[in-house]
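Coordinate inspection notes
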Amino acid sequence: MKHSSSSSIKKRLRLPLYAAGGAVVGFIGANGVRKVPSDLNWTLSVYYDYDLLFAVLAAAVVVMMLWNIFSLSRTPSVPPMEEDTYGESDSLISPAERSLGKAMILSGFSVIVAFTWAALALSLYASNRNMPNYPELFNLVNLIGACISIFIVVILQSLTLKRYNRYFPDRALDLNSRNMKKDHFEKLDEGEKWIVYRAAYRSFQMMNLLLGVGMLSMVLYSVLFTFAPFPIVMLSIIWIANIGIYYRETYRASNQ
Amino acid sequence: MEELHNHVRELRARDRLSQTELAKLIGASRQTIALIERGDYSPSVVLALKIAHVFREPVEKIFELKGGD
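Residues numbered from 1 in each chain as written. Chains lettered and ligands numbered in written order. Predicted model: local features only at pLDDT ≥ 70, side-chain atom pairs only at ≥ 80, totals over all residues.

Named according to an unreviewed UniProt entry, chain B is DNA-binding protein originating from Paenibacillus amylolyticus.

Moving on: unusual backbone geometry. Backbone geometry follows two general trends: most residues other than glycine have a negative phi, and most peptide bonds adopt the trans configuration. Although it is not a glycine, arginine 16 of chain B adopts a positive phi angle of roughly 50 degrees. Note on placement: arginine 16 of chain B falls in the loop between helix H1 (8–14) and helix H2 (19–26). (Helix = DSSP H or I, 4+ residues; strand = E, 2+ residues; numbered from the N terminus.)

Moving on, we come to the packing of helix H7 (residues 190–224) of chain A against helix H8 (residues 229–255) of chain A. Each pair of packed helices can be summarised by the angle the axes make with each other and by the distance between the axes. Residue and element names in this part refer to chain A. For the pair H7 and H8, interaxial distance at closest approach is 10 Å and the crossing angle is 160 degrees. Taken together, the axes of H7 and H8 are roughly antiparallel relative to one another. Where H7 crosses over H8, the handedness of that crossing is left-handed. Seen from H7, the contacting residues are Phe204, Met207, Asn208, Leu211, Gly214, Met215 and Met218; seen from H8, they are Pro231, Ile232, Leu235, Ile238, Trp239, Asn242 and Tyr246. For the contact of H7 with H8, a count of residues per class yields 11 nonpolar, three polar and no charged. (Axes fitted to C-alpha atoms, helices over the stretch in contact; angles between N-to-C directions. Parallel < 35°, antiparallel > 145°, perpendicular 65-115°, else oblique. Left-handed = near helix turned anticlockwise from the far one by under 90°. Contact = placed C-beta atoms within 7 Å. Nonpolar A, V, L, I, M, F, W, Y, C, P; charged D, E, K, R; others polar.)

Listed as interface residues are 14 residues of chain B and, on the opposing side, 10 residues of chain A. Looking at the side of chain B that touches chain A, the elements that each hand over two or more residues are H2 and helix H3 (30–38) of chain B. Counting residues per element, the side of chain B that touches chain A draws most heavily on H3 of chain B, which supplies six residues. Across the side of chain B that touches chain A, the residue classes tally to five nonpolar, seven polar and two charged.

The subject of this paragraph is the UniProt feature "domain: HTH cro/C1-type" (unreviewed entry) in chain B. Per the UniProt entry, the sites bearing "domain: HTH cro/C1-type" (unreviewed entry) are residues 8–62 of chain B in this numbering. The distance separating the terminal C-alpha atoms of residues 8–62 of chain B is 6 Å; by composition the span is 71% helix and 0% strand. (UniProt positions renumbered as here; feature names shortened; annotations may be inferred.)

All names here are of chain B. Residues of H2 that are buried include every one of Gln19, Leu22 and Ala23, and no others. Taken down its axis, H2 places every buried residue within 100 degrees of arc, on the same side. Backbone geometry just downstream of H2 places glycine 27 in the positive-phi region, at approximately 70 degrees. (Buried ≥ 20, exposed ≤ 12 C-beta atoms within 10 Å, placed from the backbone. Arc of directions from axis to C-beta.)

All names here are of chain A. The topology assignment puts tyrosine 50 in the loop between helix H1 (2–31) and helix H2 (51–73). Put simply, tyrosine 50 and proline 229 are 179 residues apart on the chain and 22 Å apart in space, counted from C-alpha to C-alpha. Residues contacting tyrosine 50, with those up to four places away along its chain left out, are Thr43, Leu44, Ser45 and Leu124.

Taken residue by residue, chain A gives an average pLDDT of 84. The fraction at 70 or more is 84%. When mean pLDDT is compared element by element in chain A, H2 of chain A scores highest at 93, while helix H3 (residues 82–86) of chain A scores lowest at 54. (pLDDT = per-residue confidence, 0-100.)

It is worth spelling out the packing of H7 of chain A against H3 of chain B at this point. Direction vectors running N to C along H7 of chain A and H3 of chain B enclose 75 degrees, while the axes themselves pass 7 Å from each other. Taken as axis vectors, H7 of chain A and H3 of chain B run roughly perpendicular relative to one another. Taken together, the residues of H3 of chain B that come into contact with H7 of chain A (itself represented by Glu190, Gly191 and Glu192 of chain A) are Gln31, Thr32 and Leu35 of chain B. Here the contact of H7 of chain A with H3 of chain B is built from residues that sort into one nonpolar, three polar and two charged.

On to the confidence of the model for chain B. When pLDDT drops low, the exact placement of atoms in the prediction is not to be read closely. This prediction gives chain B a mean pLDDT of 91; 97% of its residues lie at or above 70. Here the prediction assigns the complex a pTM of 0.75, and the interface score ipTM is 0.87.

Shown next, in the form of structure tokens:
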């Protein structure tokens, strides 16, 4: 057990080294690459700046909302009788609970994408408003569209949570509570907590990998387009916070 | 490497208990019972004792280490 944990720590420590190695190799490899010609349009635009990007985001929100509604419609509003649901199967969740789980995931994703759309729309508005030929109508429609999408996905999320609370009244989620996630975790039993611990650890490992990938892609962006220090610094801060919180928790546990 | 094996499924069948009923008796979730039966999760001592109490069997008869020396 001790051996496996020490080897996993070693593997984790190697990750930043791999990232740094990748950055060096990428930099040397791309050193000879010439900058992309400035007349090339990389702003995902057709009529207005970034309109294609916003169209993709809007389409993603709509698809996820429809999928969310479809998953909710496949979830019976009243939980089926327990014995009919599970029988003697080894499955951890019933088909109805699986549909509900899908709806929960999709509603979470659609909220994130809708907020991303709004954040990007606001950023574009803030950076373009003083420019000549500023497309006021496009920005206005874009902002209103993002706000409407947030409104709809939040309503859909509250409907999904309502259905979840009907299925699991003993571990109801309260959107109005500040400690919704913490309160919910406290209501889980030991087996379910073990599932959450395992999922959280995998998510932590994946975050380390993705932050490295994100940093490398920003280096590549700088090589091809222009120097982009802010995203790299931001990623670095997030990475430090991610690792720092992990070690703080393990340090706390070992000192108890 | 020794692994924890259990006879929860057999004992549950013997006592004609569903996973949900056993879960209610020991104050756990059905998911936890399914995890234990699949061998994915080793329960705490407290939960193992509760399971043993329901089946009226000693813990070592329900949970045993297999493999290794």
